[in-house]
Amino acid sequence: YKIYDEDDEFATVEDDTDYRGGRILWPYPLKQNNTDSTRDSDTFRDIEEMVRGAVSERQRRFLHLSPRSKNMVVDTMMQFVSQHPQNNAKDPLDFLRDTYPLPKGYSSPLDEYDYVIVGGGTAGSVLAARLTEDKPKAMVLVIEAGRPESLLTDVPALLSVVQLDDFVWPYTMEHQPGVCLASRDQRCYWPRGKALGGTSVINYMLYTRGRPQDWDRIAADGNYGWNYDEVLKYYIKSEKSEIKKYKNLPYRGRDGELTVENISFKTGLVEAFLAAGRENGHPTVDYNAPDQVGFGYVQATQIKGHRMSAAKAFLHPHKRRRNLHILTDARATKVIIDPQSKRAYAVEYVKDGVKRTVRCRREIILSAGPIASPQLLMLSGIGPEEHLKSLGIPVLVNLQVGRVLYDHIAFPGVIFKLNTTNASLLEPKVATFANLIQWLQFGEGLLTTAGGIEGIGYLKTSVSQDPENVPDIELISMAGSLNLDSGGAVRESWRLSKPIFDAIYGPLYGKDTWSAVIMLTQPKSKGYLELRDSNPFSHPKLYGNYLTEPQDMAAMLEAIKHVIRLGQSSAFAKYDPKLFLGEYPACKNFVPGSDSYWECAIRSMMITLHHQIATCKMGPLSDPYAVVDPELRVYGVDGLRVVDSSVIPRPTNAHTAAPAIMIGEKGADLIKQTWLNVVS
Ligand SMILES: Cc1cc2nc3c(=O)[nH]c(=O)nc-3n(C[C@H](O)[C@H](O)[C@H](O)COP(=O)(O)OP(=O)(O)OC[C@H]3O[C@@H](n4cnc5c(N)ncnc54)[C@H](O)[C@@H]3O)c2cc1C
């Protein structure tokens, strides 16, 4: 890695073992929050109550170990984790966290920087690394509301429990009748990462770039510089591919910081999934190749079986750069814009309960993600005029911020019960001392699996009206189903109602299964978000408007038939699979297996894969919904850009982490280009 040495010069350190060893803890469900918070302060109150009540419980459990676990060591550690305080008070596991102090000689941040980045998340981490790498040096401040990642977030198999911790913003969609019926309060859960590294610290680590047509169409809408060839060079730039079979192909990167590898542990079920795909006309391919559509092994942002977050890839190696200042646990509340010149010149933020302001010489960049970036714009007076006026926010620029929102909904309910044992990844098999040792020593074994996800496949349904071979469905093959931990952390990570979940999945607890989650990649339904009020600590109101376009349901229903065909293929025959038709409480009036049963099941067990986009939509001036131009500059304001997944203007065949990193890379180049000849 390249870092600055003590004398502020570049130094190269040869070290490819820059991942940390340590301890492993297994997910036990946390005590539930009973309320659906719309404000962080409410969340903290719930959490405080939970912690207060947990002490004696903890002691009790410490002595009487969970009957579900067979291993005393792992169990004891997990009891400790699952009950540790989740608020921002010093917690007992802080010693497992990474740290990012200000560089030597600085006791506090400066009053003014060249660039202020709001949000040290997935895109923000890349941006910060690139803007601080050149000489003459620009001074960069990153303001991040979360704290650094910890050893717990390193363990891929722990991702569900990490999503229950203070590493997330616990947003919830507003109630929409007829969908999310199995979710608590019938409201789908939309968590986002709250950490240095952002959502890349809590996500499933799947690395997907999208089809060439996705990006070519974005460019054809008037977004110059964003066609596939132009974005490909940025995907290549950040990637360090460790996928043996594909790493030397021209479209893969080898010299970047972001390690991408196949998950080292595989069950036979992924082989059956790929073989079933081939039987049904879907070749086994590198699904990130520009010219291939088919099925493949999961490609994950991991380094030797440990999570490779954006912070670990792009910030950790550069933490000694003297021009990179990172404030964690600091929450931006507003961008300050001169009402006459319309120039953004400062950011207001809260740290340690104190409101502060930092000025900016060149540009302020919002990288706070698809919910917080539009929220901050609106709080700063940039947004739909009527909406801002109704909340008493002075309007500086009338833009359609938040009025477009696409998401990738998914259905995890096509499940085959297997007449075998030991085929899928059930919790007691994963949470063992031997697996812990194997992961610590070699970065291998069952703890490297990303929630049981092993394969990905793309297909185009017959209801798609796309003239080209662009998929509208992604299948995600699981070595099991959401039953993996019998209604524990996996269920809770989507905030699914326990009684409803038990009714559906109960018969599968402890049983071997295979399932393929269906994700709708090209939704036609469009949601939006708006402010709840003018309080920066309130959660915005989030409207998914899921399945409001009939084609979306039609595509999901057809995808179910595809998955059933796969499960019934000869490739799976050795597992003697039987299609499981769960008893959905809302669907009792429908014949199990009929289209109306499946439609009801989809409406019940609907989840999102958390790919909200377009809330700060990129588009040409002629686009009435555009918030930023193709160089990511906010229309009507000087010195303000948005660089994160909120700018992606239309759905793509990609989970959104790799695109966010690509946007960080491209955003950095656009900014550097602007200030190329400026010396300050
Ligand atoms: C549970 C889950 C699983 C996912 N799995 C995958 C996957 O496997 N593969 C994939 O490609 N995608 C996945 N995604 C989506 C993907 O990870 C995100 O879309 C992507 O990481 C978003 O990047 P971003 O830079 O836009 O925002 P983020 O990474 O979310 O960064 C935003 C940052 O801004 C900070 N912030 C917000 N508000 C403020 C404020 N007011 N002041 C200061 N800081 C602030 C946040 O704390 C955060 O660190 C998943 C998402 C979730 C939630």
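Residues numbered from 1 in each chain as written. Predicted model: local features only at pLDDT ≥ 70, side-chain atom pairs only at ≥ 80, totals over all residues. Heavy atoms only, no water.

Visitor: Would you mind going over the packing of helix 7 (residues 228-238) against helix 18 (residues 657-674) with me for this structure?
Guide: Packed helix pairs are characterised by how far apart their axes lie and by the angle those axes make with each other. Where helix 7 meets helix 18, the axes come as close as 9 Å, and the angle between the chain directions of the two elements is 105°. Viewed along their axes, helix 7 and helix 18 adopt a mutual orientation that is roughly perpendicular. Residue-level contacts link Val231, Tyr234, Tyr235, Lys237 and Ser238 of helix 7 to Ala658, Pro659, Ile661, Met662, Glu665, Lys666 and Asp669 of helix 18. The residue inventory of the contact of helix 7 with helix 18, partitioned by class, reads 7 nonpolar, 1 polar and 4 charged. (Axes fitted to C-alpha atoms, helices over the stretch in contact; angles between N-to-C directions. Helix = DSSP H or I, 4+ residues; strand = E, 2+ residues; numbered from the N terminus. Parallel < 35°, antiparallel > 145°, perpendicular 65-115°, else oblique. Contact = heavy atoms within 4.5 Å. Nonpolar A, V, L, I, M, F, W, Y, C, P; charged D, E, K, R; others polar.)

Visitor: Just checking my understanding: could you explain the confidence of the model for the protein chain for this structure?
Guide: Any region with low pLDDT has predicted coordinates that should not be read closely. Within the protein chain, residue pLDDT values average 88, and 86% of them lie at 70 or more. Here residues 1-37 is modelled with pLDDT under 50, and outside its nearest four sequence neighbours on either side it reaches 118 contacts, counting other chains as well. Scored below 50 in pLDDT, residues 41-74 shows 44 contacts in the model against residues more than four places distant or in partner chains. (pLDDT = per-residue confidence, 0-100.)

Visitor: Please explain the layout of surface pockets as it appears in this structure.
Guide: Space left empty within the atom packing is revealed by a probe, the size of a water molecule, rolled over the atoms. Computed from the structure, the second largest pocket encloses a volume of approximately 460 Å³. Around the second largest pocket sit 21 residues that line it, and Glu242, Lys244, Glu261, Asn262 and Ser264 are the ones nearest its centre. Elements with a contribution of two residues or more to the lining of the second largest pocket: strand 8 (258-262) and strand 9 (295-297). Looking at the lining of the second largest pocket residue by residue, the classes come out as 6 nonpolar, 7 polar and 8 charged. (1 Å grid on protein atoms, 1.4 Å probe; cavity = no way out; pocket = protein on both sides within 12 Å on 5 of 7 lines; lining within 4 Å. Points joined across faces, edges and corners; volume = space filled by probe spheres on them.)

Visitor: How should I be thinking about the pairing of strand 23 (residues 513-520) in this particular structure?
Guide: Within a regular strand, side chains alternate between the sheet's two faces. Most of strand 23 sits inside the fold, with 8 of its 8 residues counted as buried. Burial along strand 23 is two-sided: Thr513, Ser515, Val517 and Met519 facing one way and Trp514, Ala516, Ile518 and Leu520 facing the other are all buried. In this structure, strand 20 (residues 415-417) lies alongside strand 23, joined through 3 bridges in antiparallel fashion. Bridge pairing in strand 23 places Lys417 opposite Thr513. (Buried < 20%, exposed > 50% of the residue type's maximum accessible area, 1.4 Å probe, protein only. Pairing = 2+ DSSP bridges.)

Visitor: Would you mind going over the sheet that holds strand 7 (residues 239-241) with me for this structure?
Guide: Sheet strands associate in pairs through backbone hydrogen bonding, adopting either a parallel or an antiparallel arrangement. Read across the sheet, 3 strands follow the order 7-8-10 without closing on themselves; strand pairing throughout is mixed. Where the open sheet ends on each side, the last strands, each with one partner, are strand 7 and strand 10 (299-300). Relative to strand 8, strand 7 runs parallel, the two being bridged by 3 bridges. The partner of Lys240 across the bridge, within strand 8, is Thr259.

Visitor: Can you walk me through the pattern of salt bridges in this structure?
Guide: This structure, assessed with the given rule, holds 38 salt bridges. Ionic pairing is found between Arg130 and Glu257, a salt bridge with its closest N-O pair at 2.9 Å. Placement of Arg130 in helix 3 (residues 122-131) and of Glu257 in the loop between strand 7 and strand 8 is noted, with a sequence separation of 127 residues between them. The residues Arg130 and Glu257 share a single accessibility class, namely buried. (Salt bridge = Lys/Arg side-chain N within 4 Å of Asp/Glu carboxyl O.)

Visitor: Just to check I follow, could you spell out the environment of Ser160 for this structure?
Guide: Tracing the backbone through its elements, the reader meets Ser160 in helix 5 (residues 159-162). In this structure Ser160 comes out as buried when scored by relative accessible area, which is 7%. A sequence separation of 328 residues divides Ser160 from Gly488, and the C-alpha atoms of the two residues are 9.2 Å apart. Once residues within four sequence positions are removed from consideration, Ser160 is found in contact with Tyr204, Ala489, Val490 and Ser493.

Visitor: Would you take a moment to explain the site of the ligand for this structure?
Guide: In the vicinity of the ligand lie 37 residues, with Thr122, Glu144, Thr199, Ser645 and Thr656 positioned nearest. Taking Ala145, its main chain carries an N or O atom lying 3.1 Å from a nitrogen atom of the ligand. Elements that contribute at least two residues to the shell around the ligand include exactly helix 3, strand 6 (189-193), strand 14 (330-337), helix 10 (369-379) and helix 18. The residue inventory of the shell around the ligand, partitioned by class, reads 16 nonpolar, 16 polar and 5 charged. (Near = heavy atom within 4 Å. Polar contact = N/O pair within 3.5 Å; in protein donor to acceptor, adjacent residues only side chain to side chain.)

Visitor: Before we go on, may I ask you to explain the side chain of Thr259 in this structure?
Guide: Checked against the element boundaries, Thr259 lands in strand 8. With relative accessibility at 5%, the residue Thr259 sits in the buried group.

Visitor: Got a minute to help me understand the state of the cysteines in this structure?
Guide: Working definition: the covalent bond between the sulfur atoms of two cysteines is a disulfide. This structure, assessed with the given rule, holds 2 disulfides. The disulfide partner of Cys180 is Cys188, and the S-S distance across this bridge is 2.2 Å. On the sign convention where negative is left-handed, the bridge of Cys180 and Cys188, at about -100° about the S-S bond, is left-handed. Across the pair, exposure class does not vary: Cys180 and Cys188 are buried alike. A sulfur-sulfur separation of 2.1 Å characterises the disulfide bridge that pairs Cys587 with Cys600. Disulfide Cys587-Cys600: the torsion about the S-S bond is -90°, which places it as left-handed. (Disulfide = S-S within 2.5 Å.)

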